[in-house]
Structures are given as structure tokens and as C-alpha cells.
Amino acid sequence: SIFLKALCAFFKGKLNISVDIIQHGVEGLMYLLTESSKLMISEVDFQDSINVLGFSDELNKSLLQLYLDNRKEIRSILGELAPRLPSYHSLEWRLDVQLASRSLRQQIKPAVTMKLHLNQNEDQTAQVLQTDPATLLHLIQQLEQALGEMKMNHCRRIVRNMK
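Report on the accompanying structure. Along each chain, numbering runs from 1 in the same order as the chain's sequence is written. For this predicted model, a pLDDT threshold of at least 70 governs which residues receive local features, and a threshold of 80 or more governs which side-chain atom pairs are given and counted, while totals over whole chains, interfaces and linings are taken from all residues. Hydrogens and water molecules were not included; the side-chain quantities draw on all heavy atoms of the structure.

## Topic: the packing of helix α3 (residues 43-51) against helix α4 (residues 57-81)
Whenever a helix is involved, its axis is fitted only over the stretch in contact; in every case the axis is a line through C-alpha atoms, and angles between N-to-C directions fall within 0 to 180 degrees. Working definition: helices are DSSP H or I runs of at least four residues, strands are E runs of at least two. Numbering for both runs from the N terminus. The contact between α3 and α4 brings their axes to 10 Å, and the two run at 140°. Taken together, the axes of α3 and α4 lie oblique to each other. Of the two possible hands of crossing, α3 and α4 adopt the one that is right-handed. For the pair α3 and α4, contact is made by E43, F46, Q47, I50 and N51 and by N60, L63, L64, Y67 and L68, respectively. Should an angle fall under 35 degrees it is called roughly parallel, over 145 degrees roughly antiparallel, and 65 to 115 degrees roughly perpendicular, with every other angle called oblique. For a crossing to be left-handed, the near helix must be turned anticlockwise from the far one by less than a right angle; the clockwise case is right-handed. Whether two residues are in contact is decided by their heavy atoms, any of which lying within 4.5 Å being enough.

Next comes the structure, spelled out in C-alpha cells:
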């Protein structure tokens, strides 16, 4: 954040205000614009958000115009900064059952082995996972519960605002 410090030092000389006050003001403005752009809030919601700050009407109009002029560009920059997560390609699995060992003749020990193929950028990777059927069943139940929660109105609103 060398640029921010240089900017604060420049304005300190022009405005006779401490560097900390300028830095906090710039950081607050950056936070306001990034969060508002991230949520794609409407003009009315943005105005409601800044009206409680106690600024003059002229400054509120300037902030609104700044937000409207730059929100698409801010969203595109935030999209570029987001981490690129791997995506699902395919899954191979097999069920292994150990029926006995040298020490235990009557042992049944099942294991599920999965090979998860993922795409990340242009590369394809594979992860090998192994678990017992009880843990796999618990994982399936948790994922089904999470998918069920995604169908609720509250979650849909959150996801819609994240886009």
C-alpha cells in the first residue's frame, strides 16, 4: 500500500490534515465502493446507506455518482481477483472389502476408494480419497442437507446478491 501512503503524504501537505485521517478516509471510501459493487445495491439502497453518515447533500450526490460510474469496473476487478477454484470433471470409485487377515480370520473391513478428476485452468488433476462406508454415508447426508438449505429463500437471496 505504498501508493496509498504516498497519496496520503501528498494530501497532507495540501490540506494540513494528518496522514492517519486521510488514510482512514480513503480506506473507508474503498470499502464502501467495493462492498456496494460486490452486492450490486440499487441507487436507493446506496443513498440510504450514505445518508446515515451525515454528509452534505452535495457530497452524497457525488458519492452516488462515483458509485454509479465505477460499479461495473469495480465488479470486474473483483472478479479477476477472485481465486480460481478447481471444477469437477469426473469420478471413479471402487469398493474394496478385506474379508480376513493373518491374525483375524473372520474380519470384514469395507473401504470405498474414489479418484476425483478436477479441472483447473487448462490443467487436469486427480485426487485419490479413501473412506469407510459409514463416513461416506454421513458425508452424503451432509451434502444433501446443504443442497436442501440452498433451496430456501434466505440462501437464494444471499446467492443472488453474491453474483
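## Some words on α4
To estimate how far a helix should reach, multiply one less than its number of residues by 1.5 Å. The end-to-end C-alpha distance of α4, which contains 25 residues, comes to 34 Å, matching closely the 36 Å that a straight helix rising 1.5 Å per residue would cover. To obtain the bend at a residue, axes are fitted to the seven residues ending there and to the seven starting there, and the angle between these axes is taken. Remark: the principal bend of α4, roughly 50°, maps to N70. For the exposure calls, accessible area comes from a 1.4 Å probe over protein chains only, and a residue counts as buried if that area is under 20% of its type's maximum, exposed if over 50%, partly exposed in between. What α4 keeps buried is the set N60, L63, L64, Y67 and I74. The inward-facing, buried residues of α4 abut α2 (19-39) and α3.

## Some details on the pattern of salt bridges
Salt bridge, as used here: a side-chain nitrogen of Lys or Arg that lies within 4 Å of a carboxyl oxygen of Asp or Glu. For the structure on display, the rule yields 2 salt bridges. The partner of K38 in a salt bridge is E35, with the nearest N and O atoms 3.1 Å apart. Of this pair, K38 and E35 both sit in helix α2, 3 residues apart, which is roughly one turn of that helix. One salt bridge in this structure joins D96 and R94, with 3.0 Å as the shortest N-O distance.

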